[in-house]
Amino acid sequence: MLLITNGYGDPIEIVVGFGSAPVIDGIIDSTTGEWNQAEKQNIYLYPNITVPENGLAIDLWVIQEGENLYILVRFDLEDHGSSDYDNEFIGILIADENSNSDFTDAKIVQYSNISENTFQYLDYHINDTMYEEDIISNGIGASNLKGNQITYEFSMPVKSTETEGPLQDVYLNYNRFYDFKIVFGDTALYPDGIIISNIVSIKLQHPTFTPASIEELIVFITTIVIFSTIGALYIFYLYRITQLKKEIRRIRS
């Protein structure tokens, strides 16, 4: 593992914006630019967050689209695929707002055989230190290893109403800050398998109204005019048919 000594400053805060939805497959598609609009940070995961030494540098990308939050974690590790890291995982632990970093929700992409790219997405409720698998799994996750570089991608729902979400999940809402703990581990044991981590505070934004462009307005108005004209002609056609039938009956009588 690349070991880095880095100074510990203020908590990392990310205000996430909106963009197009990426495909959650662990592959960054540069041809579509699916992550181009993401807020991008370079952070470190540490064995002990309060003693920020021997850290692993990761790329952390965050973006919103519709009612979903997307998170990407990418890093290089020479030991990928070795016996020590064949069962590695990345987890996103979530704390409810004003909970003093009490992480009660976990989204995990866990490898069972990294050399064969075999993994599963897991959704847990954290009860004290116990990880209890959710009855209903929310969100999706995927990963892909290429050389020494591995990419983990996650998608999780953001609600647009005040209605509470599933009790086993942290309810994410717009215009609020939530603490997310990024954890990396080398075995499928939680929390014992976690070896490094760090916390970021992410503010979710509410979708803003974007006025239509002049071109869009022209197309919209033209469509209304065309279909209104067709409708008027159709009504006139029915009226003329009705009048013609009346005229025929009158002549016959």
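Keep in mind that what you see is a predicted model, and the values were worked out from it rather than measured.

## A look at the pairing of strand S8 (residues 130–133)
Across four bridges, the pairing between strand S7 (residues 118–127) and S8 is antiparallel. By the bridge assignment for S8, His125 is matched with Glu132. Here S7 folds back onto S8 in antiparallel fashion, the turn holding two residues, of which Asp128 has a positive phi close to 65°.

## Here's the deal with the pattern of salt bridges
Following the criterion strictly, the structure yields five salt bridges and no others. Arg74 serves as the salt-bridge partner of Asp59, at 3.1 Å between the closest nitrogen and oxygen. Linking Asp59 in strand S3 (residues 56–65) with Arg74 in strand S4 (residues 68–76), this pair joins segments that are 15 residues apart in sequence. On the basis of relative accessibility, which here comes to 19%, the residue Arg74 falls in the buried class. Between Arg176 and Glu97 there is a salt bridge; the shortest N-O distance is 3.3 Å. Linking Arg176 in strand S11 (residues 176–185) with Glu97 in the loop between strand S5 (89–95) and strand S6 (103–113), this pair joins segments that are 79 residues apart in sequence. With a relative accessible area of 28%, Glu97 lands in the partly exposed category. Put simply, Asp105, Lys107, Asp123 and Asp169 are held in one network by salt bridges that share partners.

## Looking at the layout of surface pockets
In this structure, the second largest pocket occupies an estimated 230 Å³ of space. Along the walls of the second largest pocket sit 16 residues, with Leu93, Tyr131, Lys181, Pro191 and Ile194 positioned nearest its centre. When contributions to the lining of the second largest pocket are tallied by element, the ones reaching two or more residues are S6 and strand S12 (194–204). No other element matches S12, which puts four residues into the lining of the second largest pocket. Split by residue class, the lining of the second largest pocket holds 10 nonpolar, three polar and three charged.

## What about the confidence of the model for the protein?
On average, residues of the protein score 86 in pLDDT, and 87% of them are at 70 or above. Every residue in residues 1–9 scores below 50 in pLDDT, and together they form 24 contacts with partners more than four places removed in sequence or on other chains.

## Remarks on the sheet that holds strand S10 (residues 149–157)
Each strand in a sheet pairs with its neighbour through backbone hydrogen bonds, running either in the same direction (parallel) or in the opposite one (antiparallel). Taken together, five strands build an open sheet; the order of strands is S2-S3-S4-S10-S9 and the sheet is antiparallel. In this open sheet, the two edge strands, each paired with only one partner strand, are strand S2 (39–45) and strand S9 (140–146). If you compare each strand with its neighbour and ignore which way they point, the axes differ by 20° on average. For S9 and S10, the ladder comprises seven bridges, and the chain directions are antiparallel. Bridge pairing in S10 links Asn144 to Thr151.

What counts as what
- Residues numbered from 1 in each chain as written.
- Predicted model: local features only at pLDDT ≥ 70, side-chain atom pairs only at ≥ 80, totals over all residues.
- Heavy atoms only, no water.
- Pairing = 2+ DSSP bridges.
- Helix = DSSP H or I, 4+ residues; strand = E, 2+ residues; numbered from the N terminus.
- Salt bridge = Lys/Arg side-chain N within 4 Å of Asp/Glu carboxyl O.
- Buried < 20%, exposed > 50% of the residue type's maximum accessible area, 1.4 Å probe, protein only.
- 1 Å grid on protein atoms, 1.4 Å probe; cavity = no way out; pocket = protein on both sides within 12 Å on 5 of 7 lines; lining within 4 Å.
- Points joined across faces, edges and corners; volume = space filled by probe spheres on them.
- Nonpolar A, V, L, I, M, F, W, Y, C, P; charged D, E, K, R; others polar.
- pLDDT = per-residue confidence, 0-100.
- Contact = heavy atoms within 4.5 Å.
- Axes fitted to C-alpha atoms, helices over the stretch in contact; angles between N-to-C directions.

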